[in-house]
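A closer look at the structure
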There are 2 protein chains.
Amino acid sequence: MPAPEIASLAAELPGGAVVTDPDIVAAYRQDRAADPDAGTPLAVVRPTCTEDVQATLRWATRHRIAVVPRGMGTGLSGGATAVDGGIVLSTEKMRGITVDPVTRTAVAQPGLLNSEVKNAVAAHGLWYPPDPSSFEICSIGGNIATNAGGLCCVKYGVTTDYVLGLQVVLADGTAVRLGGPRLKDVAGLSLTKLFVGSEGALGVITEVTLRLLPPQPRACTVVATFGSVRAACEAVSTVTARIRPAMLEFMDAVAINAVEDKLKMGLDRTAVAMLVATSDERGAAGTEDAEFMAAAFTEHGAREVFSTSDPEEGAAFVAARRFAIPAVEAKGSLLLEDVGVPLAALADLVAGIEALAAERDLMISVIAHAGDGNTHPLIVYDADDPEMTRRAAQAFGDIMDMAVELGGTITGEHGVGRLKKPWLAGYLGPEAMELNRRIKQALDPDGILNPGAII
Amino acid sequence: MPAPEIASLAAELPGGAVVTDPDIVAAYRQDRAADPDAGTPLAVVRPTCTEDVQATLRWATRHRIAVVPRGMGTGLSGGATAVDGGIVLSTEKMRGITVDPVTRTAVAQPGLLNSEVKNAVAAHGLWYPPDPSSFEICSIGGNIATNAGGLCCVKYGVTTDYVLGLQVVLADGTAVRLGGPRLKDVAGLSLTKLFVGSEGALGVITEVTLRLLPPQPRACTVVATFGSVRAACEAVSTVTARIRPAMLEFMDAVAINAVEDKLKMGLDRTAVAMLVATSDERGAAGTEDAEFMAAAFTEHGAREVFSTSDPEEGAAFVAARRFAIPAVEAKGSLLLEDVGVPLAALADLVAGIEALAAERDLMISVIAHAGDGNTHPLIVYDADDPEMTRRAAQAFGDIMDMAVELGGTITGEHGVGRLKKPWLAGYLGPEAMELNRRIKQALDPDGILNPGAII
């Protein structure tokens, strides 16, 4: 039996936008972080336009009801965990896009998948670079809310680098346009950038203007295996100090073997680390950079180095790297970490995690966007074993502590959400934390938006 | 006779940091915008470290005295115009820099010149791309405060794209560290980006962590003259829709002739428009892009197209473009505009400015970072002629109105400061303006920092 407030919202919005069917609502309680503390919302609201988002937020402010904004629910930090008595505002039905090849921009609604944005702009001969591993299932709105990263960041940067403008709806229902299809615009404070990565805590993104690039040139791929993690990490630094690879990914022994178990592509099961690198510099420069990387890997003691300019051959190794998470997931339940460190500390981080795995008697696989120091330690545990589950949870926190100790961050690209919130203040320090709170307070004084997440 | 409050600040800071000598103070009243309404400050404070900036701001908050932060005073919008009874806080003596070639980052204090940053990192084989025309005289702190642009933005983006971290001192004297040498970091709100472009209204930048690139490859240069502005602008769109030039600059007939008057390098005085473009793609790709641009210029009716892969020959044309402002300045006093439009509207903007010049009986020269739609109309007037000065001031506003009408911005890279403040609310609209005010209020509730600028 829906609360009477919900009836008033349902009356305001077009038919079907407000869903209270418990079976449907249940599917919106968690995102992929599977937060065990997820609440049960009053309703799921699926607006199709900015005006409906405004009506929803005005209603929520009037009734002091919490709103958890949600894209496609692929977040890994519990940024879209539902709260008891609140609503989940899903942008999944806002799916428009227009591409302007002259200004090389696109205006998209938030519910479109990242891959759909890529495809729509590719039809105009253009490229939207950001490529989180989940690009086929995650929404562009969620990408912006988390400032999502991916594999190409080492050369092409993260989501914020491609956001020229936004329309956002504030907690009180006010719709605001920020920025737009202008490649340079310094009029007023940098509010567009403030909303990127704000995890639904400052406003709901209802439209985005994206900067696009000409198509990515064909890449050369270099794959190398190492007998030592430190040697592989040092090879990474040698590469990035000199050239700009388009991808520079790391897999440890656990990941290599888990992938090989599934894909049977002939990976060296005895290798301790593997690097997958590409260069998309055009023509001879690409070959030159591939040769530079191969030489750097050899110089740092790589056991085997394989280079190819064949796109399909190269894609197989990139796919293997992308497949590492599901492959490791076959071993048990996963706690997926996302810590990042300055490049010089990468080897120490991986070594520290190895030691931690031994100490806690856990399997922890490390895969990494090595070129930008962003790692994804995968903590494997048996969810039916409470004692092991406890050890895994401890390791999750230990890894964040270790990253911060090494000058790193508690989250490189997934966001803070609810899972990492207990570590945020320790990482940022009291002054920066207070600054976060002041901004939140200024924009959402009643705390309607995504309460419990980030701040 | 300095106010008694000043004596208390001078007692707190090391000898010489607080300057009250009227002759020295007078030199800090204006920046290069030469705001005629500049006030006379109580003192100039020249701290050498973050702690002294903190002491200054704590003192200012205690006594409710306005603080105008200032880099090297090269701003063109009056962002560093002094206010009566306030102080000017100049960061010119904060000049440290350390470069980390492994993480490809540098940590710099704000008083270093942009060119000094470029040189310091070049000594480690690295490159800091942002290149405002004033790079030899402007400070890196000022660049960050204005989110400065330049010539390379069309390919390499603006200052914010290279800022990984900041230390800022808030109005109440609190020092806050935001971000750092991590290429990806999404822990907490995007506050680093919020301070970039905040024009000294939210805090004083005392340290910056910059992202660096490997050295820029040698560029090929293509220069073309046109008999029509529209044809030149259409050629620009044809280029940027397909490739990524490293520079794509525009000069109109007035600028061409003014430069030729001074440099006598054989520019075609009968040309209506000139484009200077470069490609720094490596090897054959650079030649290929130069050929593509030359062909695009020819296809759009260029009268003359000249290509060179000789760096010195190319540099001469880039220098000619950089010399356009001083060359036009020889014709009279200048009001330097900075409006930007979506690329598709560039030709309409230039045509509109031409018509405006005729209507107002003024000489207005248009130079532009054409590839990103950012133009610098130069309004020439005789400062001793009050009627002409009035017409020039009207044209200054008319050009902003015209840009906004065409979907553009009132400032692409110079900032709002005090000169453009009257146009900000009209451009942003009431909702975004209110959001700017809320952020300002949250971070500087007493309005100590740069009162009268931006918000």
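We now turn to the structure provided with this report. From a predicted model like this one, the values you see are computed outputs, not experimental measurements.

1. Structural notes on the packing of aromatic side chains
Residues and elements named next belong to chain A. For the structure on display, the rule yields ten aromatic pairs over all chains. For the ring pair Trp127 and Tyr156, a centre distance of 4.7 Å and an interplane angle of 80° mean the geometry is edge-to-face. Of the two residues, Trp127 sits in the loop between helix H4 (114–122) and helix H5 (140–146) while Tyr156 sits in helix H6 (residues 153–156), which places them 29 residues apart along the sequence. The two residues Trp127 and Tyr156 agree in class, both being buried. Relative to Phe297, the ring of Phe226 lies with its centre 6.1 Å away and its plane at 80°, an arrangement referred to as edge-to-face. Of this pair, Phe226 sits in strand S10 (residues 220–226) while Phe297 sits in helix H10 (residues 284–299), and the two are 71 residues apart along the sequence. By relative accessible area, which is 0% here, Phe297 ends up buried.

2. With respect to the nonpolar core
Phe226, Phe250 and Phe297 of chain A together with Phe226, Phe250 and Phe297 of chain B are the most contacted members of the largest nonpolar core, which has 199 residues in total. Setting aside residues up to four positions removed in sequence, Phe250 of chain A forms contacts with Val229, Ala232, Ala273, Met274, Leu275, Arg321, Val350, Val366, Ile367, Ala368 and Ala370 of chain A.

3. Points about the relation of the copies chain A and chain B
Once chain A is rotated about the relating axis by 180° and shifted along it by 0.0 Å, it coincides with chain B to within an RMSD of 0.0 Å. Expressed as a symmetry operation, the mapping of one chain copy onto the other fits a two-fold axis. Both copies contact each other with a shared surface, as 100% of the interface residues of chain A are interface residues in chain B too.

4. Overview of the packing of helix H13 (residues 346–360) of chain A against helix H14 (residues 386–405) of chain A
All names here are of chain A. Packing of H13 against H14 leaves a shortest axis separation of 11 Å and a crossing angle of 155°. Taken together, H13 and H14 sit at an angle that is classed as roughly antiparallel. As H13 runs across H14, the sense of the crossing is right-handed. Contact with H13, carried on its side by Leu349, Gly352, Ile353, Leu356 and Arg360, involves Arg391, Gln394, Ala395, Asp398, Ile399, Met402 and Ala403 of H14 and no other residues of that element. Of the residues belonging to the contact of H13 with H14, the class tally is seven nonpolar, two polar and three charged.

5. Comments concerning the sheet that holds strand S12 (residues 273–279) of chain B
Sheet strands line up and pair through hydrogen bonds in the backbone, either parallel or antiparallel. Residues and elements named next belong to chain B. Strands sit in the order S13-S10-S12-S11-S15-S16-S14 across an open sheet of seven strands; the sheet is antiparallel. A strand with exactly one partner marks an edge of an open sheet, and here the two such strands are strand S13 (304–308) and strand S14 (333–336). Direction aside, neighbouring strands of the sheet carry axes that sit 15° apart on average. By the bridge criterion, four bridges tie S14 to strand S16 (residues 374–381) in an arrangement that is antiparallel. Residue pairing in the sheet places Leu336 in a bridge with Leu378 of S16. Contacts from helix H9 (residues 253–263) reach strand S11 (247–252), S12 and strand S15 (363–369) within the one sheet, and its direction differs from that of S11 by about 90°.

6. Looking at the sheet that holds strand S1 (residues 18–19) of chain A
All names here are of chain A. Pairing within the open sheet is mixed, and its four strands lie in the order S1-S2-S4-S3. With partners counted over all chains shown, the strands left at the sheet margins are S1 and strand S3 (67–70), one partner each. Sheet topology places S1 next to strand S2 (residues 43–45); two bridges connect them, and they run antiparallel. Along S2, the bridge assignment pairs Val18 with Val45. Helix H3 (residues 50–63) rests against S2, S3 and strand S4 (87–90) of the sheet, and its axis sits at about 165° to S4.

7. Details of H14 of chain A
All names here are of chain A. For H14, spanning 20 residues, the distance from its first C-alpha to its last is 29 Å, which sits close to the expected 28 Å at 1.5 Å a residue. Those residues of H14 not exposed but buried are Met388, Arg391, Ala392, Ala395, Phe396, Gly397, Ile399, Met400, Met402 and Ala403. For H14, the N-terminal cap is Asp385; the gap from its side-chain oxygen to the backbone nitrogen of Glu387 is 3.0 Å. Immediately downstream of H14, the backbone of Gly407 shows phi near 85°, a positive value.

So, how was this worked out
- Residues numbered from 1 in each chain as written.
- Chains lettered and ligands numbered in written order.
- Predicted model: local features only at pLDDT ≥ 70, side-chain atom pairs only at ≥ 80, totals over all residues.
- Heavy atoms only, no water.
- Phe/Tyr/Trp six-rings, centres within 6.5 Å; stacked < 30°, edge-to-face > 60°.
- Helix = DSSP H or I, 4+ residues; strand = E, 2+ residues; numbered from the N terminus.
- Buried < 20%, exposed > 50% of the residue type's maximum accessible area, 1.4 Å probe, protein only.
- Core = buried A, V, L, I, M, F, W, Y, C linked by side-chain atoms within 4.5 Å.
- Contact = heavy atoms within 4.5 Å.
- Least-squares fit on C-alpha atoms with pLDDT ≥ 70 in both.
- Axes fitted to C-alpha atoms, helices over the stretch in contact; angles between N-to-C directions.
- Parallel < 35°, antiparallel > 145°, perpendicular 65-115°, else oblique.
- Left-handed = near helix turned anticlockwise from the far one by under 90°.
- Nonpolar A, V, L, I, M, F, W, Y, C, P; charged D, E, K, R; others polar.
- Pairing = 2+ DSSP bridges.
- Expected span 1.5 Å × (residues − 1).
- Polar contact = N/O pair within 3.5 Å; in protein donor to acceptor, adjacent residues only side chain to side chain.

Just distances and angles here, no functional claims.
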